[in-house]
Each structure stands twice: as C-alpha cells, then as structure tokens.
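Chains, contacts and geometry: an overview
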There are 4 protein chains.
Amino acid sequence: MVTVGIIGAGRIGKVHTASICNIVKNATIKTIADPFMNEETANWAKSMGVSNTTKDYKEILADPEIDAVLICSSTNTHSPISVEAIKAGKHVFCEKPIDHDVDKIKEVIDALKDSKVKYQVGFNRRFDHNFEAVRNAVAAGKIGDPHIIKVTSRDPEPPSAEYAAVSGGMFLDMTIHDFDMVRYLAGCDAEEIYVQSAVLVDPAIGEAGDVDTAVITIKMENGAIAVIDNSRKAAYGYDQRAEVFGSKGMVATTNDTESSAVLSTADGVTGEKPLYFFLERYMQSFAKEVNCFIQAIENNTDTPLGVLDGLKPVLMGIAAKKSVEEHRPVKISEITM
Amino acid sequence: MVTVGIIGAGRIGKVHTASICNIVKNATIKTIADPFMNEETANWAKSMGVSNTTKDYKEILADPEIDAVLICSSTNTHSPISVEAIKAGKHVFCEKPIDHDVDKIKEVIDALKDSKVKYQVGFNRRFDHNFEAVRNAVAAGKIGDPHIIKVTSRDPEPPSAEYAAVSGGMFLDMTIHDFDMVRYLAGCDAEEIYVQSAVLVDPAIGEAGDVDTAVITIKMENGAIAVIDNSRKAAYGYDQRAEVFGSKGMVATTNDTESSAVLSTADGVTGEKPLYFFLERYMQSFAKEVNCFIQAIENNTDTPLGVLDGLKPVLMGIAAKKSVEEHRPVKISEITM
Amino acid sequence: MVTVGIIGAGRIGKVHTASICNIVKNATIKTIADPFMNEETANWAKSMGVSNTTKDYKEILADPEIDAVLICSSTNTHSPISVEAIKAGKHVFCEKPIDHDVDKIKEVIDALKDSKVKYQVGFNRRFDHNFEAVRNAVAAGKIGDPHIIKVTSRDPEPPSAEYAAVSGGMFLDMTIHDFDMVRYLAGCDAEEIYVQSAVLVDPAIGEAGDVDTAVITIKMENGAIAVIDNSRKAAYGYDQRAEVFGSKGMVATTNDTESSAVLSTADGVTGEKPLYFFLERYMQSFAKEVNCFIQAIENNTDTPLGVLDGLKPVLMGIAAKKSVEEHRPVKISEITM
Amino acid sequence: MVTVGIIGAGRIGKVHTASICNIVKNATIKTIADPFMNEETANWAKSMGVSNTTKDYKEILADPEIDAVLICSSTNTHSPISVEAIKAGKHVFCEKPIDHDVDKIKEVIDALKDSKVKYQVGFNRRFDHNFEAVRNAVAAGKIGDPHIIKVTSRDPEPPSAEYAAVSGGMFLDMTIHDFDMVRYLAGCDAEEIYVQSAVLVDPAIGEAGDVDTAVITIKMENGAIAVIDNSRKAAYGYDQRAEVFGSKGMVATTNDTESSAVLSTADGVTGEKPLYFFLERYMQSFAKEVNCFIQAIENNTDTPLGVLDGLKPVLMGIAAKKSVEEHRPVKISEITM
C-alpha cells in the first residue's frame with residue numbers, strides 16, 4: 001500500500017484524488033495540501049475519506065509515512081517542489097509541464113541523479129484507450145515502419161487572452177501534449193520542427209503575442225514525418241485524433257462521443273459531437289496514469305514517463321516558437337545547445 | 001446518507017458494492033451478507049471499506065441502521081427476500097428477475113401495497129448510455145410516433161446445457177432484458193408476441209428443452225411493432241444494438257468497442273470487436289441504476305423501475321414460451337388471466 | 001452480338017434501353033414498342049440510337065432478326081407477353097413480378113418446358129454492389145451457417161391509396177423484392193411466414209385494404225430465421241439494408257449516399273441521407289442484371305434468375321397476405337397446394 | 001451538338017471517349033488521332049461508334065466540322081498542341097499538366113488572349129462527388145472561414161524509378177492534383193510552401209533524384225493553412241481524403257469502397273479497402289469534367305478550370321521542389337518572378 005500526499009487541490013488535484021480513492025488499487029491518500037485550503041476544500045477532502053488537510057505542502061514532504069507525492073500545484077512551482085520532494089525521498093508524479101524553462105527541468109534531472117525515487121510526468125494522453133491502441137498497433141509492427149504521423153488536436157474554446165499571455169504560448173501550453181503524442185506514437189525523438197501558424201480565432205490572442213492556429217511539421221529521428229494541426233477553437237468540440245501511416249498500412253482513431261446513437265431524419269444523418277473537453281474525454285486516462293505510477297513504486301520498475309519525457313516536449317515547444325519567430329525549420333539540437 | 005446492506009456477494013453483488021463505494025454519492029454499505037461468506041470474501045469486503053460481513057441476511061433486515069438492501073442472491077430467493085425486506089421496512093433494489101413465477105411476483109406486489117418503501121428492479125440496460133440516448137430521442141419526439149422497434153441481442157458464448165435447463169429458458173433468462181428494452185424504448189406495454197425460434201448453436205441446449213436462436217415479433221399497445229433477434233453465440237462478441245423507426249425518422253445505435261482504432265492494411269479496414277460481455281459493456285449502467293435507486297430514496301421519488309416493470313417482462317417471457325409451444329401469436333392478456 | 005427488342009417504354013424500359021446503349025456490351029436494340037408510342041418517345045429512342053419504334057409489340061416478336069426481348073410493359077401483361085415471346089423463340093427478360101396470379105406464372109413455366117429460350121426475371125437488387133457483397137461473403141462461408149437474416153426495406157414515400165388498391169398490396173408490390181432478397185441471401189427457399197403488420201403511415205392505405213408497415217418473420221428451409229421490416233415511408237429516404245448472422249460471424253451493409261462528406265458543427269456530426277429512391281440507389285444494378293441476361297444468351301448458360309425465382313416470391317407474398325388475414329404463421333406449402 | 005476530336009488514344013483518351021459516347025449529352029466524337037494508331041485501336045474506336053481514326057492530329061485541327069479537341073497525348077505535347085488547336089479555333093480540353101515549364105504554359109496563355117475558344121484543364125478531382133460536397137459545404141459557409149485544410153493523397157503503388165526520373169518529380173506528377181485541390185477547397189491561391197519530404201518507399205526513387213513521401217504545408221492567401229500528406233505507396237490502396245476546418249465547423253470525407261459490406265468475426269470488424277486507384281475511384285469525375293466542358297461550349301460560359309488553373313499548381317510544384325532543395329519556406333511569388 002502506497003501512502004500518497006496531494007500537493008495542489010485545484011481541478012486536476014481533485015481528479016487525481018478521486019482516482020486514487022475510487023479506482024487505483026494499493027494507494028491511499030494521507031494528506032492534501034493547498035495554499036488556498038479552506039473549509040469547502042477540506043470538506044471535499046473529508047468526503048473523499050481524507051481527513052488531513054494543510055496549506056503547507058512542506059508538511060507532506062516532512063511526513064515519514066508518506067511515500068509519494070502528486071504535484072498538482074501551479075506550473076511555476078512544479079520544478080522547485082519536484083526538487084524538494086526528490087530530496088525528501090518522496091516518489092514524484094508531476095503534472096505537465098515540469099517547467100517552461102529548460103534549466104529548471106535540468107535541476108530536477110540533477111536531483112534525480114542522486115536519488116532512487118520514481119519520477120513520472122503527467123502526459124495523460126498516452127493512457128487514453130484510443131491512442132494506446134494506435135501505439136500498440138505501431139509497436140506490434142502492424143503498420144510496418146512509420147512514415148507519416150498525424151495528430152489533430154483542437155480545443156473547444158480558446159483561453160482568455162490574459163491566460164494566453166502567461167501560459168507560455170500555445171506550443172508550451174496546448175501543443176506540448178501533441179509533441180509528447182508524436183514521440184509516443186513514433187517511438188523516437190524529434191529532430192527538426194517547422195511551424196506555419198496564424199491568429200484566426202481571436203485577435204486578442206495575437207495581440208498578447210501568441211497564435212491560435214498552427215500546422216506543425218516534425219522530422220522524427222527514425223525518418224518519419226509527423227504533422228500536428230492545432231486550433232484553439234473547434235465549434236463542434238474537442239477534436240483529438242491520431243493517424244499513423246507506414247509501410248504496411250495505417251492505424252487511425254476517431255473522437256469519442258457520449259453515445260453511439262445516430263438520428264436519421266429529413267435533415268440528414270446525425271451523430272453526437274465529440275466529448276466536450278479534456279475532463280470528459282480523458283478522465284479514464286487520468287486514473288490509468290496514476291495507477292501506473294503506483295504500480296511502478298510497488299514493483300520497483302521504471303515509470304512509463306520519466307523526467308526526460310517531461311523535458312523533450314518542452315524542447316519541441318521552444319523550437320516551435322523559434323520556428324515562428326525566424327520563419328524557418330529549427331533543429332531540436334539548436335535548442336539543447 | 002443512505003445506509004445499505006448487500007445481500008449476496010457473487011459477481012453482481014460485488015459490482016454493486018464497488019459502485020456504491022467508488023461512484024455512487026450519498027450511500028454507504030454497512031453490511032454484506034452471503035450464505036457462503038468466507039475469509040476471502042470478508043477480506044474483499046474489508047478492502048472495499050466494509051468491515052461487517054455475515055452469512056445471514058436476516059441480520060441486515062434486523063439492523064435498524066440499515067435503510068436499504070440490494071438483493072443480489074440467487075434468483076429463487078429474490079421474491080421471498082423482497083417480501084421480508086419490505087416487511088422489515090427496508091427499501092429494496094432487487095436484481096432481475098424478481099421471479100419466474102408470476103404468483104411469487106404478486107406476493108411482492110402485495111407486500112408493497114401496505115408499505116412506503118422504494119422498490120427497484122435491476123434492468124440495468126435502461127441506464128446504458130446508448131440505449132438511454134435512443135430513448136431520449138424517442139421521448140423528445142425526434143423520430144415522431146414509433147412504428148418499428150428493433151433490438152439485437154446476442155451473447156458471445158452460450159451457457160452450458162445444465163444452466164440452460166435450470167435458467168427458466170432463454171426467454172426468461174436472456175430475452176427478459178430485451179423485453180424490458182422494448183417496453184422502455186416504446187414507452188408502453190406489449191400486447192401480443194409471436195416467436196420463431198430454433199436450436200442452431202448447440203444441440204445440447206435443444207435436448208435440454210430450450211432454444212438458442214429466436215426472432216420475436218411483438219405488437220405494442222401504441223401500435224408499434226417490435227422485433228427482437230437473439231442468439232446465444234455471436235462469434236464476434238456481445239452484440240447489443242437498438243433501432244427505433246418512426247414517422248419522422250430513425251434513431252439507432254452501434255456496439256461499443258474498447259477503442260476507435262481502425263487498422264487499414266492490404267487485408268482490409270479493420271476495427272475492434274464489440275466489448276466482450278455484459279460486465280465490459282454495461283459496467284457504467286450498473287453504477288447508474290444504483291445511483292438512481294439511492295436518489296429515489298433521498299428525494300422520496302418513484303424509482304425508475306418499479307415492481308410492475310419487474311413483472312411485465314416475465315409475462316412477456318411466458319407468452320414467448322407459449323408461442324413456441326403452440327406455434328401461434330399469444331396475447332399478453334392470455335398470461336395474466 | 002445480341003439483337004434486342006424493348007417492350008414498354010415507361011420508366012424502367014428507358015432505364016434498360018440506356019443500359020444497353022451505354023454500358024452493356026454485345027447487345028444492340030433494334031426496336032422499341034409501346035402502346036402509347038408518340039413523337040416524344042420516338043425522339044428519345046432516336047437520341048439513344050434506336051430508329052425503329054412501334055405501338056405493337058407483336059412486330060418485335062415477329063422480327064426474325066431480334067433474338068431477345070425485355071418485357072417492361074404493365075404488370076398484367078408480363079405473363080401473356082412472356083408466353084407469346086417464348087413461343088416466338090425469343091429469349092425473355094421480364095420485369096418483376098411475372099404475375100400476381102400463380103396460375104398465370106405456371107403458364108409461363110409450361111411454355112418454357114418446350115423451349116430452349118433463356119428466361120430471366122428482373123429482381124435487380126441481387127445485382128446491387130452491397131447485397132452482392134453480402135451474398136458473396138455468405139456463399140464463401142465467411143459467416144458459417146446462416147442463422148438470422150435481416151432485411152430492412154423502407155420506401156421514402158408511400159404510393160397513393162389508388163395505386164395501393166390496384167398494386168396487389170404491399171407484399172406483392174414492395175416486399176416481393178425483399179422476399180427475393182431473403183432467398184438470395186439464405187441460398188434456399190422459405191418454409192413458413194408470419195406477418196405482424198399495421199397501418200401507421202396513411203389511413204387511406206388501410207381504407208384501401210392494404211397495410212403500410214410490417215415485420216415479417218420467415219422460417220427458411222435451411223433452418224435460418226429471416227426477418228424483413230417494411231415501411232412505406234422513411235422520412236430520411238430509401239432505407240435498404242441487409243444483415244446475415246451465422247455461426248462464424250455477421251456481414252451487414254449500410255445505405256449508399258451521394259458522398260461521404262460529414263459536417264461537424266455545434267449542432268452535431270451530420271452525414272448525408274441515403275440515396276433518394278430506387279432509381280438513384282439501384283441504377284448500377286439495372287445495367288448489371290441486363291448484362292447478365294445478355295451474357296447468358298451469348299454463353300448459352302442459365303440466367304441467374306429463372307422463372308421459378310419469379311414464382312417463389314409471389315408465393316411468399318400470397319402467404320404473407322394469408323398470414324395477415326388469418327393471424328397465424330402460414331406455410332408456403334399451403335399456397336402451392 | 002458539339003463535335004469533338006480526341007488527340008491521344010491512351011488510357012485517359014479511351015476514358016474520355018467512353019464518357020462522351022455513353023454519358024455526356026450533346027457531344028459526338030468525329031475523329032480519334034494517335035501517333036501509334038493501329039488496327040486494334042481503330043477497332044476499339046469503331047466499337048465506340050467512331051469510324052474516323054488517324055495517326056496525325058493535324059487532320060483534326062484542319063477539320064472545319066470539329067468544334068473542340070480533347071488533348072490526351074503525352075505530357076510534353078500538351079502545350080504545343082494546345083497552342084495549335086487554339087490558333088485553329090478549336091475549343092480545348094487539355095489533360096493535366098499543361099506543361100512542367102512555366103514558359104510553355106505562358107505560350108498557351110498568350111495564344112488564348114487573341115482567341116474566343118474555351119480552354120479547360122483536366123483536374124478531374126474537382127468533379128469527384130466527395131470533394132465537390134466538401135467544396136459545396138465550404139462555399140455555402142457551413143464551416144465559416146476556412147482555417148485548416150487537409151488533403152491526404154497516397155497512391156497504392158509507386159511508379160518505376162525510370163518513370164519517376166522523367167515525370168518531373170512527385171510534386172509535378174502526383175501532388176499537382178493536390179495543389180489544385182487545395183486551391184479549390186480554399187477558394188483562393190497559395191502564398192507560400194514548405195515541404196518536409198523523404199524517401200521511405202523505394203530507395204531507387206531517391207537515387208533517381210525524387211522523393212516518395214512528403215508533408216507539404218501551404219499558407220493560403222486567405223490566411224488558412226493547408227497541409228498535404230503524400231505517399232507513393234499505401235498498402236491498403238488509394239487513399240484520397242480531404243478535410244476543411246473553419247470557424248464554424250469541419251467538413252471531411254472518407255474513401256470510397258466497392259461496397260458498404262462489413263464482416264464481423266472473431267478476428268474483428270472488417271470493411272473493404274478503398275477503391276484501388278484513380279480509374280476505379282475517379283471514373284465518374286472524368287465524365288463530369290468533360291460534360292462541364294461541353295456545357296461551357298454550348299452555353300458560352302467560362303469553363304470551370306481555365307488555363308490559369310493549369311498554371312498555378314505547376315507554380316506550386318516548382319515552389320515545393322525549391323523548398324526541398326533549399327530547406328526553407330518558399331513564396332509562390334519567388335517562382336513567378
């Protein structure tokens with residue numbers, strides 16, 4: 001039985017808490033920390049069976065009964081708390097991104113060098129039933145050598161321009177999941193990135209210095225070409241699809257819907273829209289990723305997504321930004337230098 | 001908060017226990033009873049957070065702290081325990097079927113007459129996301145007046161001939177769910193049933209006096225014609241579909257799969273088989289039906305499926321058997337007489 | 001090269017003329033006869049490259065240069081012209097139905113006994129790409145032994161009540177195609193039929209003594225159970241589907257559409273309605289059936305659909321009517337007696 | 001009635017001949033010219049009802065009875081014969097591409113300046129039912145402003161390396177259709193192109209100086225971003241899909257298949273592969289494009305695809321080649337200079 005502390009009781013902290021309480025086996029939550037802990041949040045914690053709550057995450061790190069922490073706090077605290085937790089000997093599940101600053105991620109990498117703790121980064125989409133099926137088909141050789149990898153990733157609603165301004169930009173905030181997906185599906189790293197982007201959804205996003213629409217071409221190390229298409233606003237909902245084409249065939253997914261019901265009338269043949277957003281679409285994957293983290297601790301195996309898997313999509317995001325600024329293909333090796 | 005006792009810790013008892021512990025809000029299980037209660041089952045109960053276990057369900061009925069029971073014991077005990085529980089003032093969720101014997105069901109009906117307890121019967125498929133979407137479209141008038149209702153219901157594997165012999169026959173064991181579905185989708189009762197059946201899957205089933213394949217035509221009270229097609233063995237897995245056709249259109253569902261991944265190769269374009277069987281396909285619906293039961297208690301409203309909803313599919317099953325025996329259409333009114 | 005005469009220049013006569021002129025190889029039309037032949041029709045014939053037109057089909061029968069006739073005249077003339085043509089030594093392609101009167105069909109059967117002419121009846125749906133693929137899968141053993149055969153056949157618009165009154169009734173006018181389809185897909189004859197029918201589309205059809213909605217259950221000679229569902233009016237267009245379920249699996253078709261375009265908006269995910277009616281849906285099959293007829297003549301082989309294939313669906317239609325009248329399952333053998 | 005001469009009796013010349021003889025109204029073929037005209041080809045012409053055949057296309061240009069020519073000869077002759085035909089006052093339907101050399105296309109443009117003849121270039125895919133439905137949805141505003149346009153275009157088999165060497169390269173030989181498609185779907189011209197390409201199918205194609213796999217990103221003049229993915233070999237057949245995503249939604253197509261039959265067995269749920277190659281997939285579109293050409297002549301309207309529509313995809317192909325050579329985004333305006 002792994003004893004867990006939750007650091008950060010916002011939306012995703014609550015999701016992980018519910019997963020551990022209801023679905024994940026062999027794990028129990030002892031304490032939930034949040035700087036804004038209040039009565040409402042404490043009551044919610046109690047309703048989940050967690051009676052210990054605190055404003056100070058350091059209580060969790062200091063608690064010898066706690067084996068592992070889930071860092072669900074605000075993005076800018078991910079890397080420093082990761083380092084602290086590693087030093088405290090806690091296994092760490094850290095929400096994505098570890099940081100937007102490569103040097104900060106390197107501090108986490110350094111901290112892990114002297115440590116035996118498990119570290120997992122929260123790219124949950126790898127645990128989605130559809131993308132997992134695509135990856136499994138690729139890994140089983142069913143499509144032969146991958147030649148073209150396509151990821152469609154469109155949000156149902158754009159963020160506010162204020163959020164866009166502080167989010168690190170679309171590539172580090174939204175596309176970062178797709179960068180991870182491309183690495184996952186290809187089974188290798190990216191070599192070079194070219195971005196064609198635009199502001200087509202909301203001019204305020206452009207004024208904030210960001211883009212809202214992009215087609216991103218990526219040369220992968222195994223020779224395959226990946227392409228991601230992003231939009232901050234799909235009128236029909238969250239569009240999350242992948243396709244891998246190779247020497248022996250293709251594997252592709254469609255979106256999930258609430259039901260398979262199709263209505264045929266004089267107006268046409270109409271099915272449901274995709275599930276609205278990530279909480280609807282990816283709920284299962286959140287439980288699955290935490291379950292894998294707990295299993296890695298229990299079985300003393302590697303986590304499925306280590307700290308380097310946290311670093312590399314950030315490098316890709318930085319390369320993407322540079323490609324937009326300099327209007328040219330950018331090698332990942334230019335970023336790591 | 002509703003305090004629940006579970007009577008019967010077999011497969012479905014365990015499913016409902018997990019639902020209440022993990023998903024259903026405002027309910028807690030105090031005691032689990034099973035005549036074969038042993039250490040393993042008691043340990044499982046503890047792992048779910050239920051420390052009270054017993055071999056004697058009467059302990060549950062006698063416990064004034066327990067508000068409601070879920071009857072998940074063997075079929076022949078459903079009606080007597082229902083009666084006892086009602087008399088003990090417990091709300092009752094009873095697995096289907098209440099009984100194969102109409103007189104026994106009438107005893108439950110009689111017991112309920114003098115009582116204020118809630119009674120719900122476990123036709124879980126009404127709570128399946130696909131069938132609920134079909135029903136909602138019908139109820140919203142999107143297909144106009146229903147004219148033709150089609151239910152396809154095929155199991156992945158036949159039962160043993162021994163089971164078939166004691167199951168009450170395919171119509172009361174398997175088709176009973178489809179009889180309920182037809183009532184649910186049509187929004188009314190059946191009037192007359194005609195069955196064309198055969199033994200095509202396993203001769204031993206025929207030798208045991210049962211059938212394994214059937215097409216069942218039902219005249220509904222609203223004038224619509226329903227048709228159910230059943231097989232005890234679909235090589236590709238559990239086939240569970242419905243279609244309602246009416247004056248303004250049609251609504252139809254397909255099967256659920258583990259993922260939407262489709263593989264295109266030189267051999268064709270291949271998607272996944274339907275989810276294997278009822279535990280895979282209907283897990284969500286089990287939680288949803290129990291949640292509705294708890295809500296009915298909390299809000300003091302009718303349960304969505306009362307004792308008459310438990311009776312009527314049994315009448316339809318008996319009429320279906322009679323239709324096979326007498327090779328003619330049989331009115332439901334012939335059975336109730 | 002087979003020289004052909006067309007008898008009847010109505011809608012279907014024109015379809016077959018166009019097929020022969022444009023698509024079918026090794027056939028040429030010498031003469032087109034129609035009792036209402038006028039300048040417009042003659043001009044149309046000329047535009048198709050046919051300069052010979054007449055009001056009297058006997059000219060065609062008397063013409064020694066003509067090898068074969070296509071009988072596309074009104075239904076009541078099919079059998080007498082068939083007999084005349086056979087006696088004149090012409091190969092005959094006869095539109096369905098040969099007749100509604102079994103005795104009249106028997107006269108054609110008798111005429112063929114003393115003759116070496118080829119005879120084909122126009123159940124064009126066997127030549128539809130979708131149904132042919134289903135039949136091929138069944139014949140290749142891909143689904144094992146057939147257990148359940150389902151045919152959905154719904155028209156986009158009901159006929160006028162006047163037409164319904166003289167059409168022979170829905171079973172002989174519309175369902176007759178589905179009776180043939182069931183025989184084709186099962187690869188055997190029907191043994192017994194039970195009909196549950198209703199008047200749900202247009203009360204005037206009921207007043208004219210006909211029905212407009214039906215579910216028809218058929219026991220086939222190979223033990224499979226077939227079920228046809230019919231409606232005279234599907235709001236979304238012509239619904240023409242088939243499914244065959246067997247010991248090893250299932251093969252099923254969906255409707256054809258004008259394009260595969262799917263529109264996703266805030267309102268849902270919408271594809272096109274089925275092709276409107278038989279001319280849109282089955283145009284290819286009309287050419288293919290005539291091509292098979294011409295090939296049978298050229299290669300001196302059996303036609304794919306002989307006179308008995310014309311008779312049997314009529315027997316099934318008569319049995320269906322009797323089932324409605326007598327409210328019981330009716331054996332085909334009761335009709336042939 | 002438009003009298004037509006066919007120049008070039010190879011594969012596509014035969015397709016257009018059959019279309020005009022069998023499907024296109026108001027057009028007749030007087031003469032077919034081919035430098036390799038022989039008895040077999042002359043017999044084929046006769047079977048199509050065309051008795052005039054010649055080795056010399058100049059006979060057609062000199063024939064005052066001939067109104068229009070279809071230039072279906074080898075690619076290098078398209079532009080000079082176009083110029084000659086225009087000067088001879090013949091309407092011209094010219095197979096794609098007009099030429100790989102922009103200067104040669106400009107000669108055709110110049111010839112048209114002094115002329116009233118109609119000129120149409122053979123980008124047949126615009127007339128495909130699926131792509132036409134996509135374009136119609138876009139033009140009708142159903143998806144709002146286009147933001148992202150995706151075209152998947154993969155051949156079932158690569159050409160020989162010898163062919164690749166003389167074909168002008170993949171971009172001018174194969175992608176040129178997709179460049180036209182992107183212009184058609186966007187309703188505007190391209191501004192800038194970036195290519196990421198590779199040799200993954202056949203090393204011999206690489207040795208011949210060409211590529212066989214590419215992802216091509218295109219900035220369109222209306223601000224939309226288009227992306228084409230190409231492969232010379234899809235194991236599952238000819239993959240031809242398009243998707244347009246915009247401010248109000250998305251419209252997308254799937255591949256066409258021979259039938260809609262789907263087989264469900266213990267091995268999975270399998271549908272048919274896409275139609276094999278362009279003759280199977282695009283046959284209808286060939287007839288439709290020629291029909292539009294004839295109608296433009298008859299009604300004295302513009303052809304749907306003029307000489308500039310022939311030029312622009314060539315400019316895009318040249319820009320694509322330059323992008324590969326210089327490994328950077330290339331503006332179309334760089335090519336026209």
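Residues numbered from 1 in each chain as written. Chains lettered and ligands numbered in written order. Predicted model: local features only at pLDDT ≥ 70, side-chain atom pairs only at ≥ 80, totals over all residues. Heavy atoms only, no water.

Chain A is annotated in an unreviewed UniProt entry as Myo-inositol 2-dehydrogenase from Lacrimispora xylanisolvens. According to the UniProt record, the Sequence similarities (unreviewed entry) comment for chain A is "Belongs to the Gfo/Idh/MocA family." (UniProt positions renumbered as here; feature names shortened; annotations may be inferred.)

With that settled, consider the UniProt feature "domain: Gfo/Idh/MocA-like oxidoreductase N-terminal" (unreviewed entry) in chain A. Feature annotation in UniProt assigns "domain: Gfo/Idh/MocA-like oxidoreductase N-terminal" (unreviewed entry) to the following positions: residues 3–123 of chain A. Secondary structure content for residues 3–123 of chain A is 40% helix and 23% strand, and the end C-alpha separation is 22 Å. (Helix = DSSP H or I, 4+ residues; strand = E, 2+ residues; numbered from the N terminus.)

Now for the UniProt feature "domain: GFO/IDH/MocA-like oxidoreductase" (unreviewed entry) in chain A. Look at the UniProt record and you will see "domain: GFO/IDH/MocA-like oxidoreductase" (unreviewed entry) annotated at residues 131–251 of chain A. Helix makes up 30% of residues 131–251 of chain A and strand makes up 36%, while its end C-alpha atoms are separated by 10 Å.

The next thing to look at is the packing of aromatic side chains. Residue and element names in this part refer to chain A. Applying the stated criterion across every chain, the model contains 30 aromatic pairs over all chains. On the basis of an interplanar angle of 35° and a centroid distance of 6.5 Å, the ring pair of Phe131 and Tyr282 is categorised as tilted. Of the two residues, Phe131 is situated in helix H6 (residues 129–139) and Tyr282 in helix H11 (residues 278–299); the sequence distance between them amounts to 151 residues. The residues Phe131 and Tyr282 share a single accessibility class, namely buried. An aromatic cluster is defined as three or more aromatic residues linked by ring pairs; in this entry it consists of Phe131, Tyr238, Tyr276, Phe277, Phe278 and Tyr282. Across from the ring centre of Trp44, 5.3 Å away, lies the NZ or CZ of Lys14, which sits over that ring. (Phe/Tyr/Trp six-rings, centres within 6.5 Å; stacked < 30°, edge-to-face > 60°. Buried < 20%, exposed > 50% of the residue type's maximum accessible area, 1.4 Å probe, protein only. Lys NZ or Arg CZ within 6 Å of the ring centre and 35° of its normal.)

Residue and element names in this part refer to chain A. Residue position: Val307 is located in helix H12 (residues 307–326). Assessed through its relative accessible area of 12%, Val307 is described here as buried. In sequence terms Val307 and Ile105 are 202 residues apart; their C-alpha atoms lie 8.1 Å from each other. When residues no more than four places from it in sequence are discounted, the contact partners of Val307 are Ile98, Ile105, Val108, Ile109, Leu112 and Tyr119. (Contact = heavy atoms within 4.5 Å.)

Now for the sheet that holds strand E2 (residues 27–33) of chain C. Residue and element names in this part refer to chain C. Taken together, six strands build an open sheet; the order of strands is E3-E2-E1-E4-E5-E6 and the sheet is parallel. Each of the sheet's edge strands pairs with one partner strand only, and the pair in question is strand E3 (52–54) and strand E6 (119–122). Averaged over all adjacent pairs, the angle separating strand axes in this sheet is 20°, with direction ignored. Bridge count between strand E1 (residues 2–7) and E2: six bridges; the pairing is parallel. Bridging across to E2, Thr3 finds its partner in Thr28. (Pairing = 2+ DSSP bridges. Axes fitted to C-alpha atoms, helices over the stretch in contact; angles between N-to-C directions.)

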